[in-house]
Amino acid sequence: MIRTVESPHASAPVLAAYSYCEAVTGQQARNFAYGIRLLPTSKRRAMSALYAFSRRVDDIGDGALETGVKAARLEETRAMLTRVREGSVDEDDTDPVAVALAHAAETFPIPLGGLDELIDGVLMDVRGETYETWDDLKVYCRCVAGAIGRLSLGVFGTEPGARAVERAPEYADTLGLALQLTNILRDVREDAEGGRVYLPADDLAKFGCSAGFKGSKPPEGADFAGLVHFEVRRARALFAEGYRLLPMLDRRSGACVAAMAGIYRRLLDRIERDPEAVLRGRVSLPGREKAYVAVRGLSGLDTRHVTRRAVRRRA
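Residues numbered from 1 in each chain as written. Predicted model: local features only at pLDDT ≥ 70, side-chain atom pairs only at ≥ 80, totals over all residues. Heavy atoms only, no water.

### Side note on the overall build of the protein
Each helix and strand counted, the protein has 15 helices and 0 strands in total. Computed over its C-alpha atoms, the radius of gyration of the protein comes to 20 Å, within 12% of the 20 Å expected for a compact globule of 315 residues. With the C-alpha coordinates of the protein rotated into their principal frame, the extents come out at 60 × 55 × 35 Å. Across the 315 residues in the protein, those meeting the buried criterion constitute 52%. Of the roughly 14300 Å² that the protein leaves accessible, carbon and sulfur atoms contribute 50%. Separation of charge centres in the protein, based on 46 positive and 44 negative side chains, amounts to 9 Å. (Helix = DSSP H or I, 4+ residues; strand = E, 2+ residues; numbered from the N terminus. Rg over C-alpha atoms; globule rule 2.2 N^0.38 Å. Buried < 20%, exposed > 50% of the residue type's maximum accessible area, 1.4 Å probe, protein only. Areas by Shrake-Rupley, 256 points an atom, 1.4 Å probe, with all protein chains shown as cover. Lys, Arg positive; Asp, Glu negative; His and termini not counted. Charge placed at Lys NZ, Arg CZ, Asp CG, Glu CD.)

### Some details on the environment of Arg 266
Mapped onto the secondary structure, Arg 266 falls in helix 12 (residues 251-273). C-alpha of Arg 266 to C-alpha of Tyr 292: the two residues are 26 residues apart in sequence and 11 Å apart in space. Residue contacts for Arg 266: discarding those within four places in its chain leaves Leu 285, Glu 289, Tyr 292 and Val 293. (Contact = heavy atoms within 4.5 Å.)

### Notes on the environment of Phe 224
Within the fold, Phe 224 resides in helix 11 (residues 224-242). Its relative accessible area of 3% is what places Phe 224 among the buried residues. Sequence separation of Phe 224 and Arg 252 is 28 residues, and the distance between their C-alpha atoms is 39 Å.

### A short note on the pattern of salt bridges
Per the counting criterion, the structure on display carries 29 salt bridges. A salt bridge links Asp 59 to Arg 55; the nearest nitrogen and oxygen atoms lie 3.0 Å apart. Residue Asp 59 and its partner Arg 55 are located together in helix 3 (residues 41-62), separated by 4 residues, close to a single helical turn. Judged by relative accessible area, which is 37%, Asp 59 ranks as partly exposed. (Salt bridge = Lys/Arg side-chain N within 4 Å of Asp/Glu carboxyl O.)

### A short note on helix 5 (residues 96-107)
For helix 5, which comprises 12 residues, the first-to-last C-alpha distance of 17 Å matches the rise-based estimate of 16 Å (1.5 Å per residue) to within 8%. Counting buried positions along helix 5 yields 9 of 12 residues, so the element is predominantly enclosed. Those residues of helix 5 lying buried are Val 97, Ala 98, Val 99, Ala 100, Leu 101, Ala 102, His 103, Ala 104 and Thr 107. Looking at the packing, one finds that the buried side of helix 5 touches helix 1 (12-28), helix 3, helix 4 (67-86) and helix 6 (113-127). The distance from a side-chain oxygen at the start of helix 5 to the backbone nitrogen of Val 97 is 3.0 Å, and the residue carrying that oxygen is Asp 95. (Expected span 1.5 Å × (residues − 1). Polar contact = N/O pair within 3.5 Å; in protein donor to acceptor, adjacent residues only side chain to side chain.)

### A word on the packing of helix 3 against helix 5
For the pair helix 3 and helix 5, interaxial distance at closest approach is 9 Å and the crossing angle is 135°. If you check the angle between helix 3 and helix 5, you find them oblique. Remark: the crossing between helix 3 and helix 5 carries left-handed chirality. Contact with helix 3, carried on its side by Ala 46, Ala 49, Leu 50, Ala 52, Phe 53 and Arg 56, involves Val 97, Ala 100, Leu 101 and Ala 104 of helix 5 and no other residues of that element. Residues that form the contact of helix 3 with helix 5 fall into these classes: 9 nonpolar, no polar and 1 charged. (Axes fitted to C-alpha atoms, helices over the stretch in contact; angles between N-to-C directions. Parallel < 35°, antiparallel > 145°, perpendicular 65-115°, else oblique. Left-handed = near helix turned anticlockwise from the far one by under 90°. Nonpolar A, V, L, I, M, F, W, Y, C, P; charged D, E, K, R; others polar.)

### Observations regarding unusual backbone geometry
Positive phi outside glycine occurs at Ala 164, with the angle close to 55°. Within the secondary structure, Ala 164 sits in the loop between helix 7 (134-156) and helix 8 (168-186). Judged by its relative accessible area of 34%, Ala 164 is partly exposed.

### Details of the packing of aromatic side chains
Taken as a whole and assessed by the stated rule, the structure comprises 6 aromatic pairs. A ring pair is formed by Tyr 140 and Tyr 198, whose centres lie 5.2 Å apart and whose planes are at 25°; its orientation type is stacked. With Tyr 140 in helix 7 and Tyr 198 in the loop between helix 9 (188-193) and helix 10 (201-206), the pair connects residues that are 58 residues apart, well separated along the chain. Overall, the relative accessible area of 8% leaves Tyr 198 in the buried class. Ring centres 5.3 Å apart and planes at 65° place the aromatic pair Phe 213 and Phe 224 in the edge-to-face group. Residue Phe 213 is located in the loop between helix 10 and helix 11, and its partner Phe 224 is located in helix 11; the two are separated by 11 residues in the primary sequence. Take Phe 213 and Phe 224: they sit in the same class, and that class is buried. An aromatic cluster is built from Tyr 131, Tyr 140 and Tyr 198, whose rings are joined through pairwise contacts. Just above the ring of Tyr 243 sits the side chain of Arg 265; from NZ or CZ to the centre is 4.7 Å. (Phe/Tyr/Trp six-rings, centres within 6.5 Å; stacked < 30°, edge-to-face > 60°. Lys NZ or Arg CZ within 6 Å of the ring centre and 35° of its normal.)

In structure tokens form, the structure reads like this:
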């Protein structure tokens, strides 16, 4: 069973490192920050450290550097992760992300190999890889999002006595896939303008969208709405499977997951209602709606709903 341990004493340099990571999270995380606000301090800090590391990796992948330089920077970041894993980062290290991540890994059983997978996934971006089938795309999604789900579970822990707790990492991974597929749909035009195509080539061909998305209108003769609705159904199935994680978590960790997933599910609803909106600009939720979803998560509504559905299935 995954569990958390008591937090070791956090010195002033460690607290400063966490403050840096929390500032990065607050400034750059559009949806993630709403969820982790619901966590107790030690878990919130650890999640901020994971986010700050992930943000650094993503920024390298998305930046304007040459391909070879990006790859070198990513390997430098992997070397920092190796130092964290080996316990050679101390509180006097000049990299606040390394300091915070090292302390978080001492405090919680975080499977740091997931951050190696994240780097592997961003290297796929750097190489400009495309994906023929959904199975191919799942490999990428598991690296950049499923791994984050499993890392987060190391911070959250699971409730003693939870049913089928051995499947918690699987559900966390699947929820990560659901979030990433939603991201891919939301960012389809932005990614196309950056020369990236994530949706499987098989799916694009099936709906006449192989020409890509570089304007505010779908390709001539394409069934773009059909493509979007097809991917939305796939994402919904992933959410349904991943939500089985919620009853395995304590109240505040479950609220955090429910809030983040709930925001993305509402994005999915908006995309489903108006598929071409993703070609006109970024689809997003207003802050007040995100706050409502967070409150709903804290109330336990989503967790109770999932639990009732699970009971009905067993019956």
